[in-house]
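Here is what each chain is made of, one letter per residue.
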Amino acid sequence: MRQRGLRRASAFALPQRLWRGDVLRCVDLHCGGEPATVVLGKDVPGATMEAKRQHIMRHEDAWRRLLLHEPRGYPCSNVDFLLAPTVAEADYGFVIAEQDAIYPLMSGHNTICVATALVECGLLPEDRRGRFVLEAPSGPVPVEADVAEDGRCRSITFQGPPSFVAVRDALVDLGDAARALGLAADKVRVDIAYGGMWYVIADAEDLGLALVPEEGARIRAAGELVKKACQRDYPVERPPAWKSTRKFRPASRRATRREHRVTPSTRRRHPRFDYPGPDILAFRGPPLSRGADARNAVVMSNGYSGMLDRSPCGSGTCAIMALLHARGELDLGERFVHESVVGSVFTGELVGATAEGVVPAITGSAWITRYAEVVVDPTDPFPEGFRVGDIW
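A quick note: this is a predicted structure, and the numbers were derived from the prediction, not measured. (Residues numbered from 1 in each chain as written. Predicted model: local features only at pLDDT ≥ 70, side-chain atom pairs only at ≥ 80, totals over all residues. Heavy atoms only, no water.)

**Some remarks on the overall build of the chain**
Reasoning step 1: The secondary structure content of the chain amounts to eight helices and 17 strands.
Reasoning step 2: Relative to its full complement of 392 residues, the chain shows a buried share of 54%.
Reasoning step 3: Considering only contacts in the chain between residues 6 or more positions apart, those separated by 24 or more positions represent 70%.
Reasoning step 4: Surface exposure of the chain reaches about 17,300 Å², of which carbon and sulfur atoms provide 50%. (Helix = DSSP H or I, 4+ residues; strand = E, 2+ residues; numbered from the N terminus. Buried < 20%, exposed > 50% of the residue type's maximum accessible area, 1.4 Å probe, protein only. Contact = heavy atoms within 4.5 Å. Areas by Shrake-Rupley, 256 points an atom, 1.4 Å probe, with all protein chains shown as cover.)

Shown next as structure tokens:
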């Protein structure tokens, strides 16, 4: 009886009506605990990756809602659309989509997930598996993959965009809401830095926060409060897509901090983007694991209550390294091991400097968790999903 059931299961086939609409072929991964869904086989019009990003935002956002909202997604879900590149040096392009209709120019953990999927799913020529170039909306992203003999991708190292500090040692007033949350102070000192997205950076200890999973609800609420105060008092706009090269820039200790300082006049030249910054907040604290240099908890918005990045956050690590360098606490070529709120780690290094900022490289690992073909039944009452405020 059981064998008969197993034979029937092997003949499984979806009803034909489910194949009539969009079918999204997806590889799910997690990087340091943070999930990402890589969508294969889609492309959209656009002469640049930024133009493709704009097209998806304006015309195909239903794909993001379908994958990231309930019942298929959850608040920490992310999606990456694998696309044809628009520059000759790139092997693939990708556009990142997150909750609350946010389409970042760059994301470290998403880059690692996309690169791992390409390596492990056989989407790159054999001679390109170890070193290749992705094209993000921020520009070309050089990638190096450490590939085991059995084809497993042990780690990915990518070069981030030039990163810099825009605001140093600013004091923001959190008002009565800080007392309502039981925070240790109603004012907090922050820095604002760019690492692919804009980050508010604050010390968790200043607000009496411990960067552990059990404190997640307080960290999230405090982070949203501080971020909104910074958007009010210190709004920032997006830099343009930076030019990059295929090769990693070697560290040069002769580069001075003055060479890549961003002045108010420089900031005024950055064109306005799609939504006000800073986008994300990173609370910093001492490491809890042996071998790590620091720990962080990154608070992202989802349109409701916010959520924590489970990974150490690649673009956030780029921004924090730029801040540490500006403070004289991290030299070019010095390794920086960054720990997340769940204990996963990225290893960062400042590999060079340009007039725009320091050039970071981040190393991390991702693991494939699922392959799926996502369909929508034409009678489904929730073809683009939904959100309910109990977990959002």
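**Quick look at the pairing of strand S7 (residues 153-159)**
Reasoning step 1: The element S7 is largely enclosed, with a buried count of six among its seven residues.
Reasoning step 2: The pairing of strand S6 (residues 139-147) with S7 spans five bridges and is antiparallel. Looking at the pairing, Val143 lines up with Phe158 of S7.
Reasoning step 3: Here S6 hands over to S7 after five residues, with Gly151 in that stretch at a positive phi of 95°.
Reasoning step 4: Note that S7 and strand S16 (residues 358-364) share four bridges and pair antiparallel. Note that in S16 the partner of Thr157 across the bridge is Thr363. (Pairing = 2+ DSSP bridges.)

**A short note on the nonpolar core**
Reasoning step 1: Formed by 56 residues in total, the largest nonpolar core has its most connected members in Phe132, Leu134, Val143 and Tyr199.
Reasoning step 2: Phe164, Val172, Leu183 and Val188 belong to the second-largest nonpolar core, a separate cluster that totals 33 residues. (Core = buried A, V, L, I, M, F, W, Y, C linked by side-chain atoms within 4.5 Å.)

**Points about the packing of aromatic side chains**
Reasoning step 1: This model, assessed by the stated rule, comprises five aromatic pairs.
Reasoning step 2: Seen in terms of ring centroids, Phe164 and Tyr194 are 5.5 Å apart; in terms of plane orientation they differ by 25°. Their pairing is stacked. Placement of the pair is Phe164 in strand S8 (residues 164-173) and Tyr194 in strand S9 (residues 187-194), with a sequence separation of 30 residues. For the pair Phe164 and Tyr194, a shared accessibility class is recorded, and that class is buried.
Reasoning step 3: Grouped by ring-pair contacts, the aromatic residues Phe164, Tyr194 and Trp198 constitute a single cluster. (Phe/Tyr/Trp six-rings, centres within 6.5 Å; stacked < 30°, edge-to-face > 60°.)

**Considerations on the pattern of salt bridges**
Reasoning step 1: Under the counting rule described, the total for this entry stands at 23 salt bridges.
Reasoning step 2: The partner of Arg128 in a salt bridge is Asp91, with the nearest N and O atoms 2.6 Å apart. Residue Arg128 is located in the loop between helix H4 (108-120) and strand S5 (131-136), and its partner Asp91 is located in the loop between strand S3 (79-83) and strand S4 (92-97); the two are separated by 37 residues in the primary sequence.
Reasoning step 3: Given a relative accessible area of 21%, Asp91 falls into the partly exposed group.
Reasoning step 4: Across the pair Glu224 and Lys227 runs a salt bridge, and its minimum N-O distance is 3.0 Å. Placement of the pair is Glu224 and Lys227 together in helix H6 (residues 216-233), with a separation of three residues, close to one helical turn. One exposure class covers both Glu224 and Lys227, and it is buried. (Salt bridge = Lys/Arg side-chain N within 4 Å of Asp/Glu carboxyl O.)

**Some details on helix H3 (residues 61-68)**
Reasoning step 1: Summarising burial for H3: six of the eight residues are buried, a large majority.
Reasoning step 2: Turning to H3, its buried residues are Asp61, Trp63, Arg64, Leu66, Leu67 and Leu68.
Reasoning step 3: Looking at the packing, one finds that the buried side of H3 touches strand S1 (24-31), strand S2 (34-40), helix H2 (49-59), S3, S4 and strand S17 (366-374).

Read these as spatial facts, not as claims about activity.
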